[in-house]
Amino acid sequence: MKLRPILAIVLRQLYLLRQSPVRIFGLIVWVTIDIVLWGFITRYLNTVSGSGVNFVPTLLGAVLLWDFCERMMQGVSTAFLEDVWSRNFLNLFSSPLSIAEYISGLVITSMLTSSLGLVAMLVVATAVFHLQFFTLGLPVGAFILVLFVFGISLGILATAIVLRFGPAAEWLLWPLPALLSPFAAVFYPLAILPPWMQAVARVLPPAYVFEGMRGLLAGDAFPTRLLLEGGGVAVVELFAVAYLYARVYRRAVRTGLLARYSAEGVA
Amino acid sequence: MAHLTSTTSSDDAPPALRVAGLTKQYAGVTALDDVSFTVARGEIVGLLGPNGAGKTTTINVILGVLEPTSGSVAIDSIDLATARSLALTRANFAAVYAALPGNLTVKQNLRFFGLLYSIDALASRVDQLLGEFDLVHLRDTRCGLLSSGEQTRAALAKALINRPSLLLLDEPTASLDPSAAQIIRERIKRLASQEGCGILWTSHNMQEVQAVCDRVLFLSHGKVLLAGDPNRLPQDHGAASLEELFIRVAREPLTLPERGP
């Protein structure tokens, strides 16, 4: 892999952000609204539950982590969709750019854009709702890493879907996180789920992350097993979607779909 | 039936492009049928044919965005199938249907594509191309806001960013006024004659083809039906002009009688 083609993909996104502040606004405002909304819900729950449970780290922390994961996915898929919307595929893939370089560029772009959202969420959650996010120490960083990898996998999967089925499949992308969130047990223990949903949760790294985080908040020991299992599943899935993307790309080259992306609208 | 394929490279230097036995089939339809040709360094080859003849399919295969069913493509003697990235560092293209991203400025686009092609001293190369294509005053304008002619100049500047050995131009002057088209034609002819760039040019403007191309290939039904000097081919085949020959090829594909000189 060469560095400069990867930088090109990142630079293109930075150009777009620089010349259109509305895009930066979009990266920050929705996640901030989420934190504000859930922040007040947690405050309300703290006042009415009478259980002594502090819902701020449990619910607000979960919202923050889940939003970060979702933004990672959207960062990858939106950067990819920029090329679909601008019909840039022919220019792009007739250059020496390799698929690995392209995907790397999308991932780095997503890291930069989702970091903006993460910082905004942390600032609001800490300043307004007194969420002590990093007091949990190292496990938080490890769990964020697992969610980061899963978010990337989801983003690559989403781009593979559009590449395979055409731009009209874009509408399939956006609901993906919402579709997975009930199985990922973001806001409740896994044990609440019926057995078949728990079975699905086993292939979702966020389920391990949120279960581990809840344990930590309850004062349990460092959830090494959950971290390793979640991390392992995330890495396996990352390789699986990378393989899938390569297959879909190869098919697009074989069938001429890639060329048609630029030459005409692909319904 | 005249069914010729031609390789006219007289130099010892390897050709800028060698296409051998290219066949592409989609779901039982043969889009390209055993197409072979070369483009020598410094040569401008016109790729002609009616709509659906296989011109764009040929270009897409050469660009590596369409995999052939069989056959091979070598750019600067580098096999596209086995060394795709390296081969494509030596090629570039411009086409009316592949405009530069409209939400980036001209300069941003050139820097973006310059990085994709790993160009050294990129800033000076971009400035040089902005000057060459009279784009300096438009460098901070988004490409989507440019006129057709300006977009064509920007696309050509992008196509030359890597000083390609092989340049593919799909109707590069289609949206230009006669004056702008002439300037672009002269620029491209200079590129071939002075810098040794091999150029594969598709156009439906037969006068332009005669003015620019050293050699033409007529594609029909995915086959190279005729090949030769665009100024001699009409008389060789009993046509008054290249345009008349084109029309005959388009209307009576694969049945054209050959008349020797």
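Residues numbered from 1 in each chain as written. Chains lettered and ligands numbered in written order. Predicted model: local features only at pLDDT ≥ 70, side-chain atom pairs only at ≥ 80, totals over all residues.

J.: Help me understand the nonpolar core, please; the structure alone is not making it clear to me.
T.: Nonpolar side chains in soluble globular proteins tend to be buried together. The biggest cluster of nonpolar side chains holds 163 residues, and the ones touching the most others in it are Val45(B), Leu168(B), Ile199(B) and Leu217(B). Residue contributions to this core peak at 15 residues, all from helix α3 (residues 55-85) of chain A. Each residue touching Leu217(B), except ones within four places of it in the same chain, is listed here: Phe37(B), Val45(B), Leu47(B), Leu48(B), Val224(B) and Ala227(B). (Core = buried A, V, L, I, M, F, W, Y, C linked by C-beta atoms within 7 Å. Buried ≥ 20, exposed ≤ 12 C-beta atoms within 10 Å, placed from the backbone. Helix = DSSP H or I, 4+ residues; strand = E, 2+ residues; numbered from the N terminus. Contact = placed C-beta atoms within 7 Å.)

J.: What is the right way to read the packing of α3(A) against helix α5 (residues 99-129) of chain A from this model?
T.: For any two helices packed against each other, one specifies the inter-axial angle together with the distance between the axes. Residue and element names in this part refer to chain A. Running from amino to carboxyl end, α3 crosses α5 at an angle of 155°, the nearest separation of the two axes being 8 Å. With respect to their mutual orientation, α3 and α5 come out roughly antiparallel. For the element pair α3 and α5, the recorded crossing hand is right-handed. When α3 is examined against α5, the residues Val 56, Leu 60, Leu 64, Asp 67, Phe 68, Arg 71, Met 72, Gly 75, Val 76, Ala 79 and Phe 80 are found in contact with a partner set consisting of Leu 106, Val 107, Thr 109, Ser 110, Thr 113, Ser 114, Gly 117, Leu 118, Met 121, Ala 125 and Phe 129. Looking at the contact of α3 with α5 residue by residue, the class counts come to 14 nonpolar, six polar and two charged. (Axes fitted to C-alpha atoms, helices over the stretch in contact; angles between N-to-C directions. Parallel < 35°, antiparallel > 145°, perpendicular 65-115°, else oblique. Left-handed = near helix turned anticlockwise from the far one by under 90°. Nonpolar A, V, L, I, M, F, W, Y, C, P; charged D, E, K, R; others polar.)

J.: Looking at this structure, how should I read the packing of helix α2 (residues 21-49) of chain A against α3(A)?
T.: Residue and element names in this part refer to chain A. Where α2 meets α3, the axes come as close as 9 Å, and the angle between the chain directions of the two elements is 160°. By the angle between their directions, the pair α2 and α3 is classed as roughly antiparallel. Helix-helix and strand crossings are classified by hand; for α2 and α3 the assignment is right-handed. Of the residues in α3, those in contact with Val 31, Asp 34, Ile 35, Trp 38, Gly 39, Thr 42, Leu 45 and Asn 46 of α2 are Phe 55, Val 56, Leu 59, Leu 60, Val 63, Leu 64, Asp 67 and Arg 71. Of the residues contributing to the contact of α2 with α3, the split by class is 10 nonpolar, three polar and three charged.

J.: Quick question: what am I supposed to make of the sheet that holds strand β7 (residues 166-170) of chain B here?
T.: Picture the strands of a sheet paired through backbone hydrogen bonds; they go either parallel or antiparallel. All names here are of chain B. On the basis of which strands lie adjacent, the open sheet formed by six strands has the order β6-β7-β8-β3-β9-β10 and mixed pairing. Edge positions in the sheet fall to β6 (91-95) and β10 (223-228), since each of these pairs with one other strand and no more. The mean angle between the axes of side-by-side strands here comes to 20°, regardless of whether they run parallel or antiparallel. Sheet topology places β6 next to β7; five bridges connect them, and they run parallel. Its bridge partner lying in β7, Ala 94 is registered against Leu 169. Packing against the sheet, helix α5 (residues 148-159) makes contact with β6 and β7, and its axis sits at approximately 170° to β6. (Pairing = 2+ DSSP bridges.)

J.: For this particular structure, what's the right way to read the interface of chain B and chain A?
T.: Many authors give the size of an interface as the accessible area that is lost as the parts come together. Facing 25 residues of chain B, the contacting portion of chain A comprises 26 residues. Secondary structure elements with two or more residues in the side of chain B that touches chain A: α2 (84-88) and α3 (106-116) of chain B. Of all the elements, α3(B) adds the most residues to the side of chain B that touches chain A, at five residues. The class makeup of the residues in the side of chain B that touches chain A is 16 nonpolar, eight polar and one charged.

J.: Hey, could you run me through the confidence of the model for chain B in this one?
T.: When pLDDT drops low, the exact placement of atoms in the prediction is not to be read closely. All names here are of chain B. Averaged over chain B, the pLDDT score is 89; the fraction of residues at 70 or greater is 92%. Per-residue pLDDT stays below 50 along residues 1-10; that stretch engages in 27 contacts with residues further than four places along the chain or on separate chains. For this predicted complex, the interface confidence reaches an ipTM of 0.87, while the overall pTM sits at 0.89. (pLDDT = per-residue confidence, 0-100.)

J.: So what exactly am I meant to see when it comes to the sheet that holds strand β1 (residues 17-26) of chain B here?
T.: All names here are of chain B. Strand order in the open sheet formed by four strands is β2-β1-β4-β5, with antiparallel pairing between adjacent strands. Each of the sheet's edge strands pairs with one partner strand only, and the pair in question is β2 (29-39) and β5 (78-79). Two strands pair when backbone bridges link them, and strand β4 (residues 70-75) and β5 are joined in this way by two bridges, in the antiparallel orientation. The residue bridging Ile 75 from the neighbouring strand is Ile 78, located in β5. Lying on the sheet, helix α1 (residues 55-62) is in contact with β1, β2 and β4; it crosses β1 at an angle near 115°.

J.: Just checking my understanding: could you explain unusual backbone geometry for this structure?
T.: Residues apart from glycine generally show negative phi values, whereas peptide bonds are mostly found in trans. Residues and elements named next belong to chain B. Its identity as a non-glycine residue notwithstanding, Asp 134 has a phi of 50°, on the positive side. Following the sequence through the fold, Asp 134 ends up in the loop between α4 (122-132) and α5. With 13 C-beta atoms counted inside 10 Å, the residue Asp 134 sits in the partly exposed group. In this structure, Glu 171 is a non-glycine residue whose phi angle is positive, near 50°. Locating Glu 171 in the fold gives a position in the loop between β7 and α6 (178-195).

J.: I would appreciate a short explanation of α1(B) in the present structure.
T.: Every α-helical turn comprises 3.6 residues, leaving residues that sit three or four positions apart pointing alike. Residues and elements named next belong to chain B. Most of α1 sits inside the fold, with eight of its eight residues counted as buried. Listed as buried for α1 are Lys 55, Thr 56, Thr 57, Thr 58, Ile 59, Asn 60, Val 61 and Ile 62. Taken from the residues just after α1, Gly 64 is the one with a positive phi, measuring 80°.

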